[in-house]
Amino acid sequence: MKLQRTLIFSLLYILILLPHATISLRILNQCDRKTLPDRKSLRTDQFTVLINGYSELRISLLINIAGVYAASPIVAAVVVIWGNPLTSAKTLDSLSSNFSLIYSSGAPVTVHRQKSKSLNSRFLPRRWIKTRGVLICDDDVEVDPKSFEFAFRVWQVNQDRLIGLFGRSHGLDLRRKEWIYTVDQDRYSIVLTKFMMLDVEYLYLYSCGGGDDDYSELRGVVDNMHNCEDILMNFVVADASGRGPILVGAERVRDWGDARNEVMMGRREKEVDVGLSSVKRGLGEHRKRRGECLREFHKILDRMPLRYSYGKVVNSISEQGLCEKRGKLVPCDKQIF
Ligand SMILES: *[C@@H]1O[C@H](CO)[C@@H](O)[C@H](O)[C@H]1NC(C)=O
């Protein structure tokens, strides 16, 4: 009788634990170094582009953006990580074959469906990444080749840091005594995944932890908030390197997710509409949620690893140097003193 009861209890126990065991097994597998390429074999003279794709409305734009990257000699591969679970396999297959047709020369362009809905899976370590440098970017940000190639050169000599084009800040609200998410004129501590260049090792650190740090509780916050995976990456990198990100000035950037383009590009309204952080969704609400993330991350870690950086690195050796004027980059020869 007693044996029977023990058996039943063990069986129940196994049934309850089994789903959890398989989940952690899957993560474990992705974190198994043996399944990933040896770091020494990774190229440093080229980088891999991971584009987060989501909206079917933006596919034509995505095709253009991928093509610009694929044409660059310092890009090893372009991979579209498709995050919209509602997109049919047929559409993705068609996109895939269009890529191989249009961009048969240059770097290969492929499409991967993101298997999990979690925003954390944007940063999963991938066995098919063959370079140390990785560019994470969105499907609605167009950057000219000169600028992303310059950003890569900046990364090559600052491999421990995040390189970005869009800066934000954490700040302390002295009255409420709490961390807030904001934009400062003269400093930044966060770069956005609209354009973020980083060492592939940070994907591993984010997803699998390292040393004493296991970021699983922080990744849980990202899942609960459906937001802030980019902020968490800034935490992870600043925590590991003790340094802030580097903002690079680009010559030509077009951010379709930014509602400021709306007036300028009226006919593209649809594409603007679906921008994740578009002004229409309420910038205030967006900032508030991002502030909540900062406070949660801080609470769990019990420290604030984010570091401020100042100024922007600009490509002054190009024929037309860029100068900063009232927070905007303008060609130096047009600068009025
Ligand atoms: C692929 O190209 C064909 C022919 O130009 C087009 O009809 C189709 O919509 C494209 N597929 C995608 C997903 O863009």
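Our structure's up above, just so we're on the same page.
Residues numbered from 1 in each chain as written. Predicted model: local features only at pLDDT ≥ 70, side-chain atom pairs only at ≥ 80, totals over all residues. Heavy atoms only, no water.

J.: Before we move on, can you summarise the state of the cysteines with the specific residues and values?
T.: Evaluated as defined, the whole model comprises 2 disulfides. The disulfide bridge from Cys31 ends at Cys208, spanning 1.9 Å between sulfur atoms. Between Cys31 and Cys208, the S-S torsion sits near -85 degrees, and that sign places the bridge as left-handed. With a gap of 177 residues between them, Cys31 in the loop between α1 (2-30) and β1 (43-53) and Cys208 in helix α5 (residues 201-208) connect regions that are remote in the sequence. (Disulfide = S-S within 2.5 Å. Helix = DSSP H or I, 4+ residues; strand = E, 2+ residues; numbered from the N terminus.)

J.: How would you summarise the pairing of strand β7 (residues 167-173) if you had to cite specific residues and measurements?
T.: Within β7, 5 of the 7 residues are buried, which leaves it mostly tucked inside the rest of the structure. Relative to strand β8 (residues 178-182), β7 is paired through 5 bridges, and the arrangement is antiparallel. Residue Leu172 lies in a different strand from β8, and its bridge partner there is Trp179. (Buried < 20%, exposed > 50% of the residue type's maximum accessible area, 1.4 Å probe, protein only. Pairing = 2+ DSSP bridges.)

J.: An account of the sheet that holds strand β2 (residues 75-82) is requested, with residue identities and associated values reported.
T.: Taken together, the 7 strands give an open sheet; going across it, the order is β3-β2-β1-β4-β11-β6-β12, and neighbouring strands pair in mixed fashion. The open sheet terminates on both sides in strands that have one partner only, identified here as β3 (109-113) and β12 (246-247). Along the sheet face, helix α4 (residues 145-156) touches β1, β2, β4 (131-138), β6 (163-164), β11 (195-199) and β12 and points at about 30 degrees away from the line of β11. (Contact = heavy atoms within 4.5 Å. Axes fitted to C-alpha atoms, helices over the stretch in contact; angles between N-to-C directions.)

J.: Which residues make up the packing of helix α2 (residues 59-70) against helix α3 (residues 89-102), and what values go with them?
T.: With their axes 11 Å apart at the nearest point, α2 and α3 run at an angle of 35 degrees to one another. Judged by the sense of rotation from one axis to the other, the crossing of α2 with α3 is right-handed. Here α2 contributes Ile59, Leu62, Ile63 and Ala66 to the contact with α3, which in turn contributes Thr91, Leu95, Phe99 and Ile102. Looking at the contact of α2 with α3 residue by residue, the class counts come to 7 nonpolar, 1 polar and no charged. (Left-handed = near helix turned anticlockwise from the far one by under 90°. Nonpolar A, V, L, I, M, F, W, Y, C, P; charged D, E, K, R; others polar.)

J.: How would you sum up the pairing of β11? Please name residues and give values.
T.: Looking down a regular strand, the side chains alternate between one sheet face and the other. The buried count for β11 comes to 5 of 5 residues, which makes it a mostly enclosed element. Here β11 shows no split at all, with Phe195, Met197 and Asp199 on one side and Met196 and Leu198 on the other all buried. Pairing geometry for β4 and β11, over 5 bridges, is antiparallel. Bridging from a neighbouring strand, Ile136 pairs with Met196 of β11. Across 2 bridges, β6 lies against β11 in antiparallel orientation. Opposite Gly164, over in β11, you have Met196 as the bridge partner.

J.: Could you give me a rundown of the site of the ligand, with the residues and numbers involved?
T.: Every residue lining the ligand is accounted for by Ile59, Thr91, Ser94, Leu95 and Asn98. One of the side-chain nitrogen or oxygen atoms of Ser94 is found 2.7 Å away from a nitrogen atom of the ligand. Asn98 is positioned with one of its side-chain polar atoms (N or O) 2.3 Å from an oxygen atom of the ligand. Looking at the shell around the ligand element by element, the count peaks at 4 residues for α3. Residue composition of the shell around the ligand, by class: 2 nonpolar, 3 polar and no charged. (Near = heavy atom within 4 Å. Polar contact = N/O pair within 3.5 Å; in protein donor to acceptor, adjacent residues only side chain to side chain.)

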